[in-house]
2 protein chains.
Amino acid sequence: MNHPIKKFVAVALAAGALAVAASAIAQQAPKPEKLITWRQSAFQVVGWSFGRVKANVEGQYNKDEVVKAANVIAAVSNSSLSTLFAPGTETGKGTHETAAKPEVFKDTEKFAEAFGNFKRESNELAKVAATGDAAAVKEQFGKVGRTCKGCHDDFKAKE
Amino acid sequence: MNHPIKKFVAVALAAGALAVAASAIAQQAPKPEKLITWRQSAFQVVGWSFGRVKANVEGQYNKDEVVKAANVIAAVSNSSLSTLFAPGTETGKGTHETAAKPEVFKDTEKFAEAFGNFKRESNELAKVAATGDAAAVKEQFGKVGRTCKGCHDDFKAKE
């Protein structure tokens, strides 16, 4: 391997392998803008579904509608949303400028706890929705709403 | 009721009642831009989750990750997405200009059928994901992908 040409070939091959590996990593890791778009979209979908539950508990109650909406909130809350707040996404634009406060990335333990609360109450809402008990849904809906507000107060800037 | 003042009062009260009713309807019906934002967000969330299933069937397979992502796709597919394509949302901007083709609003029967296919295959994907059978998930994932493509070909403009 001491022959200059052999050495050149070995270095060239190693560089090629590195380039392929870097490209594979680049494919796997979505850009920060994409992560921000996904998290903003996920919260839009939660907001849409939350509004549907609200309309039902405040107006004409339709069990199927509530089940559908509650299942979306629960499924999204279960779906590792915190991975969308990866390092590198502290600032930037998805569908619009991120409203995540610096605390999201600094106080990750408290943020995880706030997410855990949302997840727990959302899954409970989906369970209660399946029973069709409108009064119980209304009460549990309030609990979910408080986890939203709690997290927004600490981790989301006013928009 | 034939006295002019009584008549005036009756008309004024009726007009007031109408205004209140109109206001209540306006509160209930989200603006077209909001409906477009929600549908665009829902498809972003589906795309995010679809990509997660893809990464698992093409790389290291993690059952829990696939279950979470598949449950999101199924829940969103079950969630009356077609109501977000209400009349009045043929054009306009949500997070960006809508890419819905005019056919969405003209050929509603075919659009509903395309959505039904997506819903059916997505719910099947969630079922298969729960078994943890990676090969079966890969096959079912392909079926879901074809329902996406089929609908996009007919109903979504190139962006």
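Residues numbered from 1 in each chain as written. Chains lettered and ligands numbered in written order. Predicted model: local features only at pLDDT ≥ 70, side-chain atom pairs only at ≥ 80, totals over all residues. Heavy atoms only, no water.

Asker: Break down the overall build of chain A for me, with residues and values.
Answerer: When you go through chain A residue by residue, the secondary structure sums to six helices and zero strands. Secondary structure elements in chain A, listed N-terminal to C-terminal, are α-α-α-α-α-α. In chain A, the share of contacts with a sequence separation of at least 24, taken over all contacts with a separation of at least 6, comes to 72%. (Helix = DSSP H or I, 4+ residues; strand = E, 2+ residues; numbered from the N terminus. Contact = heavy atoms within 4.5 Å.)

Asker: Can you break down the relation of the copies chain A and chain B residue by residue, with the values?
Answerer: Screw-axis analysis of chain A against chain B gives a translation of 0.0 Å along the axis, an RMSD of 0.0 Å, and a rotation angle of 180°. With respect to symmetry, the two chain copies, as superposed, fit the operation of a two-fold axis. The C-alpha atom lying nearest the rotation axis in chain A is that of S41(A); the distance is 2.2 Å. Most of the interface of chain A is mirrored in chain B, where 100% of its interface residues are also at the interface. (Least-squares fit on C-alpha atoms with pLDDT ≥ 70 in both.)

Asker: Requested: an account of the interface of chain A and chain B, with residues and values cited.
Answerer: When the parts come together, some accessible area is lost, and that loss is often what is quoted as the size of the interface. Counting residues at the interface gives 22 residues for chain A, matched by 22 residues for chain B. On inspection of chain A and its partner chain B, the count reaches zero salt bridges. Run the count over chain A and chain B and you get ten residue pairs in polar contact (both at pLDDT 80 or more). Taken together, the elements giving at least two residues each to the side of chain A that touches chain B come down to α2 (32-58) and α3 (63-77) of chain A. (Salt bridge = Lys/Arg side-chain N within 4 Å of Asp/Glu carboxyl O. Polar contact = N/O pair within 3.5 Å; in protein donor to acceptor, adjacent residues only side chain to side chain.)

Asker: Can you lay out the packing of aromatic side chains for me, pointing to particular residues and giving the numbers?
Answerer: Summed over all chains, the structure comprises 16 aromatic pairs over all chains. Look at F115(B) and F118(B): their rings are 6.5 Å apart centre to centre, the planes differ by 55°, and that puts the pair in the tilted class. Note that F115(B) and F118(B) are positioned in helix α5 (residues 108-131) at a spacing of three residues, about one turn of the helix. One aromatic cluster in this structure is built from F43(A), F85(A), F111(A), F115(A), F118(A) and F155(A). (Phe/Tyr/Trp six-rings, centres within 6.5 Å; stacked < 30°, edge-to-face > 60°.)

Asker: A description of the side chain of T37(B) should follow, citing residues and the corresponding values.
Answerer: Here T37(B) is to be found in helix α2 (residues 32-58). We classify T37(B) as buried; its relative accessible area is 10%. Look past the residues within four positions of T37(B) in its chain and what remains in contact with it is Q44(A), G94(B) and T95(B). (Buried < 20%, exposed > 50% of the residue type's maximum accessible area, 1.4 Å probe, protein only.)

Asker: Residue-level account of the side chain of T147(A), with values.
Answerer: Residues and elements named next belong to chain A. Turning to its location among the elements, T147 is positioned in helix α6 (residues 134-155). Taking relative accessible area as the criterion, T147 reaches 12% and is therefore assigned buried. Polar contacts involving the side chain of T147 include one to the main-chain carbonyl oxygen of V144, which spans 2.6 Å.

Asker: Describe the packing of α3(A) against helix α3 (residues 63-77) of chain B, naming the residues involved and giving the relevant values.
Answerer: Between α3(A) and α3(B), the shortest axis-to-axis distance is 9 Å and the interhelical angle comes to 160°. Judged by the angle between their axes, α3(A) and α3(B) are roughly antiparallel. For the element pair α3(A) and α3(B), the recorded crossing hand is left-handed. On α3(B), the residues touching N71(A), V72(A), A75(A) and V76(A) of α3(A) are N71(B), V72(B), A75(B) and V76(B). Residues that form the contact of α3(A) with α3(B) fall into these classes: six nonpolar, two polar and no charged. (Axes fitted to C-alpha atoms, helices over the stretch in contact; angles between N-to-C directions. Parallel < 35°, antiparallel > 145°, perpendicular 65-115°, else oblique. Left-handed = near helix turned anticlockwise from the far one by under 90°. Nonpolar A, V, L, I, M, F, W, Y, C, P; charged D, E, K, R; others polar.)

Asker: I'd like a rundown of the environment of E97(A), residues and numbers included.
Answerer: In this fold, E97(A) is placed in the loop between α3 and α4 (103-106). Spatially, the C-alpha atom of E97(A) lies 8.6 Å from that of I36(A), the residues being 61 residues apart in sequence.

Asker: Explain the packing of helix α5 (residues 108-131) of chain A against α6(A) to me, and be specific about the residues and the numbers.
Answerer: All names here are of chain A. Relative orientation of the contacting elements α5 and α6 amounts to 165°, with a least axis distance of 9 Å. Here α6 runs roughly antiparallel to α5, going by the angle between their axes. Note on packing geometry: the crossing formed by α5 with α6 is left-handed. Residue-level contacts link K110, F111, A114, N117, F118, E121, S122, E124, L125, V128 and A129 of α5 to A136, V137, Q140, F141, K143, V144, T147, C148, C151, D154 and F155 of α6. Class assignment of the residues belonging to the contact of α5 with α6 gives a composition of 13 nonpolar, four polar and five charged.

Asker: Describe in detail α3(A), supporting the description with residues and values.
Answerer: If you check α3(A), its first and last C-alpha atoms are 21 Å apart, about what 15 residues at 1.5 Å a residue would give, namely 21 Å. For α3(A), the full list of buried residues reads V66(A), A69(A), A70(A), V72(A), I73(A), A74(A), A75(A), V76(A) and S77(A). Packed against the buried residues of α3(A) are α2, α5 and α6 of chain A together with α3 of chain B. A side-chain oxygen of the first residue of α3(A) lies 3.0 Å from the backbone nitrogen of D64(A); this N-cap is N62(A). (Expected span 1.5 Å × (residues − 1).)

Asker: Requested: an account of a negative patch on the surface, with residues and values cited.
Answerer: Among the surface-exposed residues, E103(A), D107(A), E109(A) and E113(A) lie close enough to one another that they form a single negatively charged patch. What makes E109(A) exposed here is its relative accessible area of 68%. (Patch = residues over 30% accessible without salt bridge, like charges linked within 9 Å, V, L, I, M, F, W, Y side chains within 5 Å. Areas by Shrake-Rupley, 256 points an atom, 1.4 Å probe, with all protein chains shown as cover. Lys, Arg positive; Asp, Glu negative; His and termini not counted. Charge placed at Lys NZ, Arg CZ, Asp CG, Glu CD.)

Asker: Account for the pattern of salt bridges, with residues named and values stated.
Answerer: With the rule as written, the count across this model stands at twelve salt bridges over all chains. In this structure, the salt-bridge partner of K110(A) is D154(A), at a minimum N-O distance of 3.5 Å. In this pair, K110(A) sits in helix α5 while D154(A) sits in helix α6, placing the two residues 44 residues apart along the sequence. On the basis of relative accessible area, D154(A) is assigned to the partly exposed category, the value being 32%. Residue E58(B) is joined to K54(B) by a salt bridge in which the shortest nitrogen-to-oxygen separation is 3.4 Å. Here E58(B) pairs with K54(B), and both are found in helix α2, just four residues apart, close to one helical turn. Taking the relative accessible area as the measure of exposure, E58(B) reaches 54% and is therefore exposed. Residue K54(B) is classed as partly exposed on the basis of its relative accessible area of 36%. Shared partners join several salt bridges into a network, and the residues in it are R52(A), E65(A) and K68(A).

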